[in-house]
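Remarks on the overall topology
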Amino acid sequence: MGRYRFDPAAPVLVIFATIQGKQPTQRRRLKVALDTGATYTMIPWEIAQALGYQPQRSRQRIEMMTASGMAIVPLVKVREFKALGQKVKGLVVLVHDLPSAGRVEGLLGLNFLRAFKLTLDFKQGILELE
């Protein structure tokens, strides 16, 4: 079980995650926002490509609402995605760039969180994932 403290007044819960690339030695760390409203975990194009994934060739795509309207975005399966002391192998992630002015590079969505028991205690500022 992972237990983490957070600021309950913060506008975003920022989490550090690690993605494994196509090759076992390829890894990339990124900042993601914990987003229980996001169906999928999201990573940026640059990181997907740097890790050897080819989102532009993905046949699996979904329609997504963005700040500028609807967009069709690719999904790719990553070897391993780690966050909050836990990992999911073969996680399908959405590849899309968030606005550059944001504090995070991606989102930690429900498709990762559903593999675990998540407890968010906003009164004490404690997040537990087991």
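In short, a report on the structure. (Residues numbered from 1 in each chain as written. Predicted model: local features only at pLDDT ≥ 70, side-chain atom pairs only at ≥ 80, totals over all residues. Heavy atoms only, no water.)

Glancing now at the overall build of the chain. Within the chain one finds two helices and ten strands. Its C-alpha atoms give the chain principal-axis dimensions of roughly 45 × 35 × 25 Å. Residues counted as buried form 42% of the 130 residues belonging to the chain. Long-range contacts, defined as pairs at least 24 residues apart, comprise 58% of the intrachain contacts of the chain with a sequence gap of at least 6. (Helix = DSSP H or I, 4+ residues; strand = E, 2+ residues; numbered from the N terminus. Buried < 20%, exposed > 50% of the residue type's maximum accessible area, 1.4 Å probe, protein only. Contact = heavy atoms within 4.5 Å.)

Tallied over the entire structure, the rule returns five salt bridges. A salt bridge links Arg-27 to Glu-80, with the nearest nitrogen and oxygen atoms 3.7 Å apart. Of this pair, Arg-27 sits in strand β3 (residues 27-34) while Glu-80 sits in strand β6 (residues 69-83), placing them 53 residues apart in sequence. For Glu-80, a relative accessible area of 4% corresponds to the buried category. (Salt bridge = Lys/Arg side-chain N within 4 Å of Asp/Glu carboxyl O.)

Turning next to the environment of Leu-13. For Leu-13, the position within the fold is in the loop between β1 (2-5) and β2 (14-20). With near-sequence residues (within four places) excluded, Leu-13 lies in contact with Phe-6, Asp-7, Val-32, Ala-33, Leu-34, Leu-120 and Phe-122.

A few words on the environment of Pro-24. Checked against the element boundaries, Pro-24 lands in the loop between β2 and β3. Note: C-alpha distance between Pro-24 and Arg-79 (55 residues apart in sequence) is 8.3 Å.

Attention shifts here to the sheet that holds strand β10 (residues 126-129). The strand order across the open sheet built from three strands is β1-β10-β9, with neighbouring strands paired in antiparallel fashion. The outermost strands of the open sheet, each flanked by one partner alone, are β1 and β9 (118-121). Averaged over all pairs of adjacent strands, the angle between strand axes in this sheet comes to 10 degrees, irrespective of strand direction. Here β9 runs beside β10; their pairing, made up of four bridges, is antiparallel. Within β10, the position partnered with Asp-121 by the bridge is Ile-126. (Pairing = 2+ DSSP bridges. Axes fitted to C-alpha atoms, helices over the stretch in contact; angles between N-to-C directions.)

Looking now at the pairing of β6. For a regular strand, side chains alternate in direction, first toward one face of the sheet and then toward the other. Where β2 meets β6, four bridges bridge the pair, whose relative direction is antiparallel. Opposite Ile-19, over in β6, you have Phe-81 as the bridge partner. In terms of strand pairing, strand β5 (residues 61-66) meets β6 through six bridges, oriented antiparallel. Looking across to β6, one finds that Thr-66 is bridged to Gly-69. Hairpin remark: β6 followed by strand β7 (residues 86-95), antiparallel, with two residues in the connecting loop; positive phi at Leu-84, about 55 degrees.

With that settled, the discussion passes to the side chain of Ser-58. Along the chain, the position of Ser-58 falls in the loop between α1 (45-50) and β5. When sequence neighbours within four positions are dropped, the list of residues in contact with Ser-58 reads Pro-74, Leu-75 and Val-76.

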